[in-house]
Amino acid sequence: MNQVDDNHPAIANLGDMVKLRYGARELTGFPKIQARQMLAGGHKSRFRGRGMDFDSVRIYQPGDDVRSIDWRVTARTQTPHTKIFSEERERPILVISDLRSSMFFGSQRLKSVVACEISAALAWAGLAANDRAGGLVFGAQQQTDVKPRRSHHAVLQYIHNLQEFSAKLLESEPDRFSLAEVLEESRRFIMPGSTVFIVSDFHDLNDSCERHLFELSRHANLNFCHVFDSIETQLPPPSLYAVTDGQQQTMLDTSSQKLRQRYADAFIQRGQMLRKLSEQLSAGLLPFDTSDNVMSVLARAYGKRRSSRRSAK
């Protein structure tokens, strides 16, 4: 692909996405799940065994590793005791970013640009938590993936993909993938025990999507990042407006009350469906208006202050 114009307002800015790594270090309160993988990482599991953090001491049993004997307790009690450790397990972070044609819209900023910033911040946060981070990017005509790795290069590769796919939206190509197909394809990449973030406007959420989401939830901890623009909640005041997809232009008459109601109801119904799914799947749900500061929304959900308040309850 030709070099991307990093200052084009319709294209996610590479420099801005790289800078998000500093704020992402504060996002320490990701949803906790029971680890399923036998790999070292930054999150405790319910399993016990040889690991990073000391958990307790118990009487030595045949088969215990002699290197784990607690000699102080053994000397004091005159009975062999062994240390028990709480294993740390890895929780791969996978971010699925929807950059199909419906995301090329916005009255404040484009949904696609906001989605790229959300995706980049989440990937950086995963890496800062010493997890493997990677992601999938779905555009109008193609998709690409970066397998989760504990590497800055992996996140940078993912961010470059985000920028390239946001630039491709300027070409106004028809969509090859439905949301259901995006989710079905994503199932091939998700490892058991992963934390998965789906960043999308969910404009074509339907029953087929539900089936794939239920399958995903069996193996991963799901989180929905719903990106929307205020104009999607209700049409602007009654008048004639020129609207364009970048190539063609037409006039939109917003004076019809019936049209305005149908338009508002469609957004409400999609939001209700998404909330219902998040409850059924025990999935996180974060709404992002295109006028929001991405890091502010993420900090309210996953910041240190939020995490400390939860632990104090």
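Refer to the preceding data block for the structure.
First things first, this report covers the structure right here in the doc. Along each chain, the written sequence defines residue order, and numbers are assigned to residues from 1. Reporting of local features is limited, given that this is a predicted model, to residues whose pLDDT is at least 70; pairs of side-chain atoms are given and counted only at 80 or more, and all residues count toward the totals for whole chains, interfaces and linings. As a rule here, side-chain values come from all non-hydrogen atoms in the structure, and water together with hydrogens is ignored.

## Some thoughts on the overall build of the protein chain
At step 1: Numbering goes from the N terminus for both helices and strands, where a helix is a DSSP run of H or I of at least four residues and a strand is a run of E of at least two. Summing up its helical and strand segments, the protein chain has 10 helices and 10 strands in all.
At step 2: Evaluated residue by residue, the protein chain yields a buried proportion of 45% over its 313 residues.
At step 3: For this analysis, residues touch if any pair of their heavy atoms sits within 4.5 Å. Sequence-distant contacts, at least 24 apart, represent 75% of the contacts inside the protein chain between residues at least 6 apart.
At step 4: If you sum the accessible surface of the protein chain, you get close to 16,500 Å²; carbon and sulfur atoms cover 49% of it. Only protein chains enter the accessibility calculation, which uses a 1.4 Å probe; a residue is then buried when its area is under 20% of its type maximum, exposed when over 50%, and partly exposed in between. To measure how exposed things are, a 1.4 Å probe is used in the Shrake-Rupley method; for residues, cover is taken only from the protein chains shown.

## Looking at the environment of Ser239
At step 1: Within the secondary structure, Ser239 sits in the loop between helix 7 (230–233) and strand 8 (240–244).
At step 2: In this structure Ser239 comes out as partly exposed when scored by relative accessible area, which is 33%.
At step 3: Along the primary structure Ser239 and Asp253 are separated by 14 residues, whereas in three dimensions their C-alpha atoms are 5.8 Å apart.
At step 4: Those residues within four positions of Ser239 in sequence are excluded, and the remaining contacts are Leu252, Asp253, Thr254 and Ser255.

## A closer look at helix 5 (residues 179–186)
The periodicity of an α-helix, 3.6 residues per turn, causes residues three or four places apart in sequence to face the same way.
At step 1: Regarding helix 5, the residues found buried are Leu179, Ala180, Val182, Leu183 and Ser186. The arc enclosing the buried residues of helix 5, seen along the axis, measures out at 160°, which places them on a common side.
At step 2: Looking at the buried residues of helix 5, the elements they touch are strand 3 (93–98), strand 4 (133–138), strand 6 (194–200) and helix 6 (207–217). Here the arc refers to the directions that run from the helix axis out to each C-beta atom.

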